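# Architecture at a glance
Single-letter residue listing:
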Amino acid sequence: MKLSQKIQEMELSPIRKFVPYADAARKQGKKVYGLNIGQPDIKTPTVFFDAVKNFNQEVLAYANSHGIPELLDALVGYYKRIGLDYTTDDLLITNGGSEALSMIMTAILDEGDEVIMAEPFYTNYKTFIKAAGGDIVAIPTTAEDGYQYAVREKIEGVITPKTKAIAIISPGNPTGKVLTEEEMALIVDIVVKNDLYLICDEVYREFTYDGRELRSFGSFKEAEQNVIIVDSVSKRFSACGARIGSIASKNRELMQNLMKICQARLCCPTLDQVGAAALYNLDPSYFNDIKKEYEYRRDVSVQALNEIEGIKYGVPEGAFYITCQLPVDDAEKFLMFLLQEFDVDGETTMFAPAAGFYGTPGVGKSDIRIAYVLKAEDMKKGINIIKEGIKAYNAKQGK
Ligand SMILES: Cc1ncc(COP(=O)(O)O)c(C=O)c1O
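Residues numbered from 1 in each chain as written. Predicted model: local features only at pLDDT ≥ 70, side-chain atom pairs only at ≥ 80, totals over all residues. Heavy atoms only, no water.

Before going further, it helps to spend a moment on the sheet that holds strand 6 (residues 197-201). Strand order in the open sheet formed by 7 strands is 2-8-7-6-5-3-4, and the pairing between neighbours is mixed. Looking at which strands have only one partner, the edges of the open sheet turn out to be strand 2 (91-94) and strand 4 (135-140). Here the average twist between neighbouring strands, direction ignored, is 25°. Taken together, the 4 bridges between strand 2 and strand 8 (residues 245-248) define a ladder with antiparallel strand orientation. Along strand 8, the bridge assignment pairs Ile93 with Ser246. Sheet contacts for helix 4 (residues 69-81): strand 2, strand 7 (227-232) and strand 8; angle to strand 2, the most-contacted strand, approximately 120°. Sitting on the sheet, helix 5 (residues 96-108) is in contact with strand 2, strand 3 (114-119), strand 5 (163-169), strand 6, strand 7 and strand 8, with an inclination near 155° to strand 7. (Pairing = 2+ DSSP bridges. Helix = DSSP H or I, 4+ residues; strand = E, 2+ residues; numbered from the N terminus. Axes fitted to C-alpha atoms, helices over the stretch in contact; angles between N-to-C directions. Contact = heavy atoms within 4.5 Å.)

Structure, rendered in structure tokens:
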């Protein structure tokens, strides 16, 4: 028996790969600050749990493949409030944004097709795209250039006859880059002219800082057939365990074909959809405090990072991640050192080594991604451990 070439070329997620080592450190009695994963400590709104508790049907039956009507209606209402006129026919409910992305890649890619993405990018796109037979073509960006990729020559320079789509994550994971309206308009112009799908991962839509307002790609009428919006309750409502995401598109052909996959996977969990409907019915004022809290955590994290000599990073404009280049030879080795050999008063820190967030081989070996999803005090302590750890690690290496 032989595994597929495809699966052999895939990698474990650098966000989760080191969890067993963190668990082992915890077993030894160490406290580990989990800055590796975008799992916020902010409470899930109680309306989610109330809705689930009030579920009063006697059989927990399969739901529609499309999604339950209450959730589809709630999502239509949410989009309406942000100025988008999606109807229930333009929506599909998925098992998280993750399944939405997998389905989209399967629906649009043939073997050897290409998807353009700015790197570093959310690492799991590699697996979604590889599983569908495609390849990522990366546009390199750096902290120094503000992670800028919406430049005509940069994008048009990598379009080939195999290019099927441009995938954009804005606000960005792992850089926190938020596209300006002008940058979005440029990308829209390119996809329309080149007849490409535009996969718009807007799962962090509400989390933009310093007064930035995010316009959704869904509002560009001229690209309505190109645009595919991916959303999720995971980050938006701090409900990662609900596993509810969605696809929104006016492209009927795409949506009708996606239904083939939706029907084969039957449906998304009924109770999670009931809870998610209550979340999408929340008043938009819900986001005011949450956004302020993340902005505060960002500021505190940035201040703490500034204490680390030799570090390079770009200040995030949105989402809740910071990509940093550390003054260490190898971020994976450094993480193992933190988890297995180092602590400050019985505490250590876990982050995601970021080499796996790049498409270009050999890039990002000293990079890490931290998620500022913990309370400000915990962020300060967790980052201070990284600072002290760097000194101890480099001293051990004889540097
Ligand atoms: C940019 C981006 N897209 C999609 C996802 C998938 O999230 P979920 O499957 O929980 O909706 C994540 C999760 O971290 C993400 O960061």
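Attention now moves to the site of the ligand. Around the ligand, the structure places 13 residues, and the nearest of them are Gly97, Ser98, Asp201, Tyr204 and Ser232. Lys235 is positioned with one of its side-chain polar atoms (N or O) 2.9 Å from an oxygen atom of the ligand. Within the complex, 94% of the 400 Å² of free accessible area of the ligand lies under protein. Those elements that place two or more of their residues in the shell around the ligand are helix 5 and helix 9 (233-236). At 3 residues, the largest contribution of residues to the shell around the ligand is made by helix 5. When its residues are assigned to classes, the shell around the ligand shows 4 nonpolar, 6 polar and 3 charged. (Near = heavy atom within 4 Å. Polar contact = N/O pair within 3.5 Å; in protein donor to acceptor, adjacent residues only side chain to side chain. Areas by Shrake-Rupley, 256 points an atom, 1.4 Å probe, with all protein chains shown as cover. Nonpolar A, V, L, I, M, F, W, Y, C, P; charged D, E, K, R; others polar.)

Take the domain arrangement of the chain next. Considered domain by domain, the chain is made up of domain 1 (5-43 + 287-396) and domain 2 (46-280). Distance from the C-alpha centre of domain 1 to the C-alpha centre of domain 2: 26 Å. Facing the 37 residues of domain 1 at the interface are 36 residues of domain 2. Taken together, the two surfaces of domain 1 and domain 2 that pack against each other cover about 3,200 Å², and 54% of this comes from carbon and sulfur. Two residues, Arg298 and Asp210, come together in a salt bridge whose shortest N-O distance is 2.8 Å. Between domain 1 and domain 2 we count 23 residue pairs in polar contact (both at pLDDT 80 or more) in total. Secondary structure elements with two or more residues in the side of domain 1 that touches domain 2: helix 1 (5-9), helix 12 (286-305), strand 9 (312-313) and strand 10 (321-325). Broken down by element, the side of domain 1 that touches domain 2 gets its largest block of residues, 6 residues, from helix 12. (Domains from an automatic or database assignment. Buried area = accessible area lost by both parts, 1.4 Å probe. Salt bridge = Lys/Arg side-chain N within 4 Å of Asp/Glu carboxyl O.)

Turning next to helix 4. Taking 1.5 Å per residue, 13 residues should reach 18 Å; helix 4 reaches 18 Å between its end C-alpha atoms and fits that length. Contacts from the buried residues of helix 4 go to strand 2, strand 7, helix 9, strand 8 and helix 11 (270-280). Backbone geometry just downstream of helix 4 places Gly83 in the positive-phi region, at approximately 85°. (Expected span 1.5 Å × (residues − 1).)

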